[in-house]
Amino acid sequence: MKFELKFEKLSEYLINSGKFHYEAEILRYFYPEEEVRYLTNIELYQLHFMLFHSLYTLKPVMEEKGYYLHIHFMRIGAIAYPEGNKCRYFDNVEMNFCGMSVGDIFCEKHKINYSSHSLENIDSKAYFYLDKANLDYFNDEILENWMSGMNHALKNNDYFSEALSLLGLNENFDIESLKKAYRIFSKLYHPDMNNESYERFLEINRAYQYLLKCLPVM
């Protein structure tokens, strides 16, 4: 396969950097010889797929090393779990651990049946990226939507967190949670309901339209 990542090198890179990275930043680091502008859409997708396949494969390995691996195309990073008996729940909005003192690894609020090797505890995208058969999962329409969503999100990356905050979502949102949040907030700030909320209503609509275009890469 053309695009392969050495798991150990990727693990060391994420741990030693001590920060979150955009997907494009990681790919530039591991594939400096690749002239991205000369890659076909299919090759770009394959490059993306192999990175995320490697990340989801690494996730349980990183757990054993004491690191939470956060996987999202806008924010990828390895964060050391809190020392001592602290809750390990990671808030995708605040981007930090709960940190409450506990007798186990989760506080009562965030307690779940947890196994570092269980696919049930990995977000739904893991099922797609862990199956290498999906390396060829596209047709022209799917690939065009994926590229459009990726380009849109990366060009407006500074607005991503703000849009999530406006609609009360975390970065693993799906179409149903996005529509539900939009219905709630658009009704709350609709000018017919509140004459002084017109600007907020426009902000909610802008955030919704932006995140809707990001969905093909989520």
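Look a little higher up for the structure.
Before going into details, it helps to say that this report is about the structure given with it. (Residues numbered from 1 in each chain as written. Predicted model: local features only at pLDDT ≥ 70, side-chain atom pairs only at ≥ 80, totals over all residues. Heavy atoms only, no water.)

### What about the environment of Glu12?
(1) Moving on: Positionally, Glu12 belongs in helix H1 (residues 7-17).
(2) Moving on: Between the C-alpha atoms of Glu12 and Ala78, which are 66 residues apart in sequence, the distance is 9.5 Å. (Helix = DSSP H or I, 4+ residues; strand = E, 2+ residues; numbered from the N terminus.)

### Here we look at the nonpolar core
(1) Moving on: Core analysis: the biggest nonpolar cluster contains 49 residues, and Leu10, Leu14, Leu51, Phe52, Leu55, Leu167 and Leu211 have the highest contact counts within it.
(2) Moving on: For this core, the elements supplying multiple residues, two or more each, are H1, helix H2 (23-30), helix H3 (41-64), helix H4 (125-129), helix H5 (140-155), helix H6 (157-167), helix H7 (175-188) and helix H8 (198-214).
(3) Moving on: By residue number, the principal contributor to this core is H3, which donates 11 residues.
(4) Moving on: Setting aside residues up to four positions removed in sequence, Leu167 forms contacts with Leu178, Ala181, Tyr182, Phe185, Ile204, Ala207, Tyr208 and Leu211. (Core = buried A, V, L, I, M, F, W, Y, C linked by side-chain atoms within 4.5 Å. Buried < 20%, exposed > 50% of the residue type's maximum accessible area, 1.4 Å probe, protein only. Contact = heavy atoms within 4.5 Å.)

### A closer look at H8
(1) Moving on: For H8, spanning 17 residues, the distance from its first C-alpha to its last is 25 Å, which sits close to the expected 24 Å at 1.5 Å a residue.
(2) Moving on: When H8 is considered as a whole, its buried residues turn out to be Phe201, Ile204, Asn205, Ala207, Tyr208, Tyr210, Leu211 and Cys214. (Expected span 1.5 Å × (residues − 1).)

### Here's the deal with the pattern of salt bridges
(1) Moving on: The tally for this structure, following the rule as stated, stands at three salt bridges.
(2) Moving on: In this structure, the salt-bridge partner of Lys19 is Glu25, at a minimum N-O distance of 3.5 Å.
(3) Moving on: For Lys19, a relative accessible area of 44% corresponds to the partly exposed category. (Salt bridge = Lys/Arg side-chain N within 4 Å of Asp/Glu carboxyl O.)

### Topic: the environment of Leu215
(1) Moving on: Along the chain, Leu215 turns up in the segment after H8.
(2) Moving on: For the pair Leu215 and Asp174, spaced 41 residues apart in sequence, the C-alpha to C-alpha distance is 7.3 Å.
(3) Moving on: Those residues in contact with Leu215 that lie beyond four places of it in its chain are Phe173, Asp174, Ile175 and Leu178.

### Details of the packing of aromatic side chains
(1) Moving on: Inspection of every chain in the model, using the stated rule, returns 16 aromatic pairs.
(2) Moving on: Between Phe49 and Phe128 the ring centres are 5.9 Å apart and the planes differ by 75°, which places this aromatic pair in the edge-to-face class. Of this pair, Phe49 sits in helix H3 while Phe128 sits in helix H4, and the two are 79 residues apart along the sequence.
(3) Moving on: What makes Phe49 buried here is its relative accessible area of 0%.
(4) Moving on: An angle of 15° between the planes, with centres 6.0 Å apart, marks the rings of Tyr56 and Tyr129 as stacked. One end of the pair, Tyr56, is in helix H3; the other, Tyr129, is in helix H4, with 73 residues separating them in the sequence. Of the two residues, Tyr56 and Tyr129, neither departs from the other in class, the shared state being buried.
(5) Moving on: In this structure, Arg88 is placed above the aromatic ring of Tyr81, and the distance from its NZ or CZ to the ring centre is 4.1 Å. (Phe/Tyr/Trp six-rings, centres within 6.5 Å; stacked < 30°, edge-to-face > 60°. Lys NZ or Arg CZ within 6 Å of the ring centre and 35° of its normal.)

### So, the state of the cysteines
Disulfide: a covalent bond formed between the sulfur atoms of two cysteine residues.
(1) Moving on: Applying the stated criterion across every chain yields a total of zero disulfides.
(2) Moving on: Cys87 forms no disulfide, and the closest cysteine sulfur to it belongs to Cys107, at a distance of 3.7 Å.
(3) Moving on: Cys87 gets classed as buried once you look at its relative accessible area, which sits at 0%.
(4) Moving on: Residue classification places Cys107 among the buried residues on the basis of a relative accessible area of 5%. (Disulfide = S-S within 2.5 Å.)

### Description of the packing of H1 against H3
(1) Moving on: Here H1 crosses H3 at 75°, and the two axes come no closer than 10 Å. In terms of axis orientation, H1 runs roughly perpendicular to H3. Contacts between H1 and H3 involve Phe7, Leu10, Ser11, Leu14 and Ile15 from the former and Leu51, Ser54, Leu55, Thr57, Leu58 and Met62 from the latter.
(2) Moving on: For the contact of H1 with H3, the class distribution of residues is eight nonpolar, three polar and no charged. (Axes fitted to C-alpha atoms, helices over the stretch in contact; angles between N-to-C directions. Parallel < 35°, antiparallel > 145°, perpendicular 65-115°, else oblique. Nonpolar A, V, L, I, M, F, W, Y, C, P; charged D, E, K, R; others polar.)

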